[in-house]
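Structural overview for review
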Amino acid sequence: MATHRIHHRTVTVRGLDVYYREAGPADAPVLLLLHGFPSSSHMFRDLIPLLADRYRVIAPDHIGFGRSATPDPAEFRYTFDELAGITEEFTDLLGLERYALYIQDYGAPIGLRLAVARPERVTAIVTQNGNAYEEGLGAEAWAPVLALIEKRTPQTEAPVREIYSPEGIKWQYLHGVPDPTLVSPDAYEHDTARIARPGQAEIQLDLISDYGANFALYPAFHAYFRESRVPLLAVWGAHDEIFVPEGALAFRRDLPEAEIHLLPAGHFALETHADQVAALIRDFLARTL
């Protein structure tokens, strides 16, 4: 079907190229997919065709990731506020006045900033290992990052650099997956190649060093949940040690009617459970939009 065809487009935001994938009818309800670290819209390559018959699905690459621009850190501030601001302007350029959000990993603090700034635009939220609570932080995985946030030195940078080494990226894809043979090597090899580009080391260090700014916004995110009563679906890789299942369950503290599904998957649940995630999303959005 024509609606299943994925278009690969680029728009300019603040003088920077933002690449995005788009599929589905132009007049259908919009689902905005926001990827996490260290991936890009590539992580949605299997999900988009499963939703594009019913929704206008749009998946941008954040600045510094995928096929979007990667400006020099000396000329661009790699912070979550900046990435969220560019994403908000991206939605304005595309005329997205109402949309549901799919947030994963880094996509969560970016997308939730959009929701807090313009709650009237967000029709629903699907969070796939996209955290908003302290309980969701896996202690062992986050220890080096928290040390870096507290004080950035060559000594605290060194263990964090391992997170986006080839071995570290592969671990994020395979750890906690009951059958790792179901994960295509194309996924982590794609991310590894992108992260290996010149300048990426400083880009990623700058961004992950800013993650503490997200913790500071958790109370604002929680207040948004309580005040908006936004419909929320959590589809969570239960074996993820980066954002652990307690983070999914915590959404019910502020959104008692949140729908939570813990899947036998890891951090990148779409690699093994795209069909199941798509079915849950279709059912959820059919009842909430």
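Here the structure is shown first, and the text comes after it.
Since the structure is predicted, the reported quantities are computational estimates derived from the model, not experimental observations. (Residues numbered from 1 in each chain as written. Predicted model: local features only at pLDDT ≥ 70, side-chain atom pairs only at ≥ 80, totals over all residues. Heavy atoms only, no water.)

Examining the packing of aromatic side chains
Using the criterion set out here, one finds 22 aromatic pairs in the structure. Seen in terms of ring centroids, Phe76 and Tyr78 are 4.8 Å apart; in terms of plane orientation they differ by 70 degrees. Their pairing is edge-to-face. With centroids separated by 6.4 Å and ring planes inclined at 25 degrees, the aromatic side chains of Tyr133 and Phe225 adopt a geometry described as stacked. On the criterion of sequence distance, the pair formed by Tyr133 in the loop between β6 (122-127) and α4 (139-150) and Phe225 in helix α9 (residues 212-228) is long-range, its members being 92 residues apart. (Phe/Tyr/Trp six-rings, centres within 6.5 Å; stacked < 30°, edge-to-face > 60°. Helix = DSSP H or I, 4+ residues; strand = E, 2+ residues; numbered from the N terminus.)

Some remarks on the layout of surface pockets
Quantified by volume, the largest pocket comes out at close to 410 Å³. For the largest pocket, the lining is made up of 21 residues, of which Ala141, Ile163, Trp171, Gln172 and Ile242 are closest to its centre. With six residues, α4 is the single largest residue contributor to the lining of the largest pocket. Its residues placed into classes, the lining of the largest pocket shows 14 nonpolar, three polar and four charged. (1 Å grid on protein atoms, 1.4 Å probe; cavity = no way out; pocket = protein on both sides within 12 Å on 5 of 7 lines; lining within 4 Å. Points joined across faces, edges and corners; volume = space filled by probe spheres on them. Nonpolar A, V, L, I, M, F, W, Y, C, P; charged D, E, K, R; others polar.)

Focus on empty space enclosed by the protein
The probe, sized like a water molecule, is rolled over the atoms to show the empty space still left. Tallying each qualifying case throughout the model produces two cavities of 30 Å³ or more. One number sums up the size of the largest cavity: a volume of about 60 Å³. In this structure, the largest cavity is lined by Val18, Pro60, Asp61, His62, Ile63, Leu83, Ile86, Thr87 and Phe90. Per element, the largest residue contribution to the lining of the largest cavity is four residues, and it comes from helix α2 (residues 80-93). Looking at the lining of the largest cavity residue by residue, the class counts come to six nonpolar, two polar and one charged.

Points about the pattern of salt bridges
Under the definition given, this model contains 20 salt bridges. Glu82 is the partner of Arg14 in a salt bridge, and the nearest nitrogen-oxygen pair spans 3.1 Å. Linking Arg14 in the loop between β1 (7-13) and β2 (16-23) with Glu82 in helix α2, this pair joins segments that are 68 residues apart in sequence. Residue Arg14 is classed as partly exposed on the basis of its relative accessible area, which comes to 44%. Each member of the salt-bridge network shares a partner with another, and the members are Arg152, Glu157, Arg161, Glu202 and Asp206. (Salt bridge = Lys/Arg side-chain N within 4 Å of Asp/Glu carboxyl O. Buried < 20%, exposed > 50% of the residue type's maximum accessible area, 1.4 Å probe, protein only.)

Looking at helix α12 (residues 270-288)
The end-to-end C-alpha distance of α12 is 22 Å, clearly below the 27 Å that 19 residues give at a rise of 1.5 Å each. Largest kink in α12: about 40 degrees, centred on Gln276. Taken together, the buried positions of α12 are Leu270, Glu271, His273, Ala274, Val277, Ala278, Leu280, Ile281, Arg282, Phe284 and Leu285. (Expected span 1.5 Å × (residues − 1). Bend = angle between axes of the 7 residues up to and from the residue.)

Things to note about the sheet that holds strand β4 (residues 56-60)
Strand order in this open sheet of eight strands is β1-β2-β4-β3-β5-β6-β7-β8, and the pairing throughout is mixed. Whereas interior strands pair on both sides, the edge strands pair on one side only; in this sheet they are β1 and β8 (259-263). When strand polarity is set aside, the average angle formed by the axes of neighbouring strands in this sheet is 20 degrees. Here strand β5 (residues 99-103) runs beside β6; their pairing, made up of four bridges, is parallel. Counterpart to Tyr99 in the pairing with β6 is Val122. Across the sheet, helix α3 (residues 107-117) is in contact with β3 (30-34), β5 and β6; its angle to β5 comes to roughly 155 degrees. Those strands touched by α12 are β3, β5, β6, β7 (232-237) and β8, and its axis lies near 170 degrees from that of β8. (Pairing = 2+ DSSP bridges. Axes fitted to C-alpha atoms, helices over the stretch in contact; angles between N-to-C directions. Contact = heavy atoms within 4.5 Å.)

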